[in-house]
Each structure stands twice: as structure tokens, then as C-alpha cells.
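# Geometric and topological summary
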Amino acid sequence: MATYAIDTKSTFTAVFLMATGPRNKFGSQEQDVNAAGEKKWEVQASVLFVPEYGMKAQSDILSVTVTGADPGQGIDPGTPIEFVNLRLGIVAPEASDTGKGLRVRGGKAYYQATGIRPVSAAARKAADAA
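The number of helices and strands found in the chain is two helices and 10 strands. Taken from the N to the C terminus, the helices and strands of the chain come in the order β-α-β-β-β-β-β-β-β-β-β-α. Relative to its full complement of 130 residues, the chain shows a buried share of 23%. Contacts spanning at least 24 positions in sequence make up 60% of the contacts within the chain whose residues lie at least 6 apart. Taken as a whole, the chain presents about 8,800 Å² of accessible surface, with 53% of it coming from carbon and sulfur.

One recurring pattern in soluble globular proteins: nonpolar side chains tend to sit buried together. Of all hydrophobic cores here, the largest spans 16 residues; its most connected members are Val15, Val43, Val64, Ile81, Phe83, Leu86 and Ile116. Mapped onto this core, the elements with two or more residues apiece are strand S2 (12-22), strand S3 (40-49), strand S4 (59-67) and strand S5 (81-84).

This next bit is on the environment of Glu42. Secondary-structure assignment places Glu42 in strand S3. Sequence separation between Glu42 and Asn24 is 18 residues, and the spatial gap between their C-alpha atoms is 8.9 Å. For Glu42, the contacting residues outside a window of four places in its chain are Ala19, Thr20, Gly21, Pro22, Arg23, Ser63 and Val64. Among the polar contacts listed, one links the side chain of Glu42 to the side chain of Gln44, at a separation of 2.5 Å.

You can see Val104 is positioned in strand S8 (residues 102-105). Residue classification places Val104 among the exposed positions, given a relative accessible area of 57%. For the pair formed by Val104 and Ile61, sequence separation is 43 residues and the distance between their alpha carbons is 25 Å. Those residues within four positions of Val104 in sequence are excluded, and the remaining contacts are Pro93, Glu94 and Ala95.

What counts as what
Residues numbered from 1 in each chain as written. Predicted model: local features only at pLDDT ≥ 70, side-chain atom pairs only at ≥ 80, totals over all residues. Heavy atoms only, no water. Helix = DSSP H or I, 4+ residues; strand = E, 2+ residues; numbered from the N terminus. Buried < 20%, exposed > 50% of the residue type's maximum accessible area, 1.4 Å probe, protein only. Contact = heavy atoms within 4.5 Å. Areas by Shrake-Rupley, 256 points an atom, 1.4 Å probe, with all protein chains shown as cover. Core = buried A, V, L, I, M, F, W, Y, C linked by side-chain atoms within 4.5 Å. Polar contact = N/O pair within 3.5 Å; in protein donor to acceptor, adjacent residues only side chain to side chain.

Here's what the structure looks like:
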């Protein structure tokens, strides 16, 4: 399984923070952590893709996993943001016979980033200094 770096400036014309919250372990109310023990957070963002020639712009909601401290602390919903080191991965599809026929699991895209920051120049300087 591989992950791919996303050139956000060439992919999105706008990204807005919708919400952040703990990413829970599957089927649990307990917050998930990575192998290093850092907490996982889920960032929900509304994105507007750069339109392809002759087509109208398309929008979507991305759910991006970020580890460490709460990435949305101090950033209000609706704020234009950028993802730091945004990556795309794809869960490898697996086929299994359930007795009722072949079932395929996986093959889904997921997003990870090392952080988020507001887009304004003053806020970016403050985030870089921290």
C-alpha cells in the first residue's frame, strides 16, 4: 500500500474548515492513537477543486486524519485553511467468499495530513513561528 502527496495549490481553489474532533477507534468511543501514542483527530473540510478545462468547478467534503494536538484549536469553522503535507492513500481491496457470494472490501481512499493552518498571511506567519 502506498500514499501519494497532494499538491494542494494545484488541486484546490478553496478549502474551508468545517469541524475537528477526536477520531475514535472502530466501534468504540475511545480516541484512537498512532503507533507512537499520538492522538488521532478528524478534520472535516469543504474543498473546491480546480476545474478541468471546459467544466464547472466541483466541491466535496474531505475527512482528513491528523495526529498530535487538536489541529482545530483556535481556528473557527468556516475559516479558509490549508493542509500541511496532505497525502492520499488507498486501502487495498480484499475479496472474500461469504458463502453468499464474493464480497470485496477496501479499495477506499483516505486522507492524512501533518496539520492544518489558516490561510491568511498574518496567521500563517504566527503558525510558522510556533
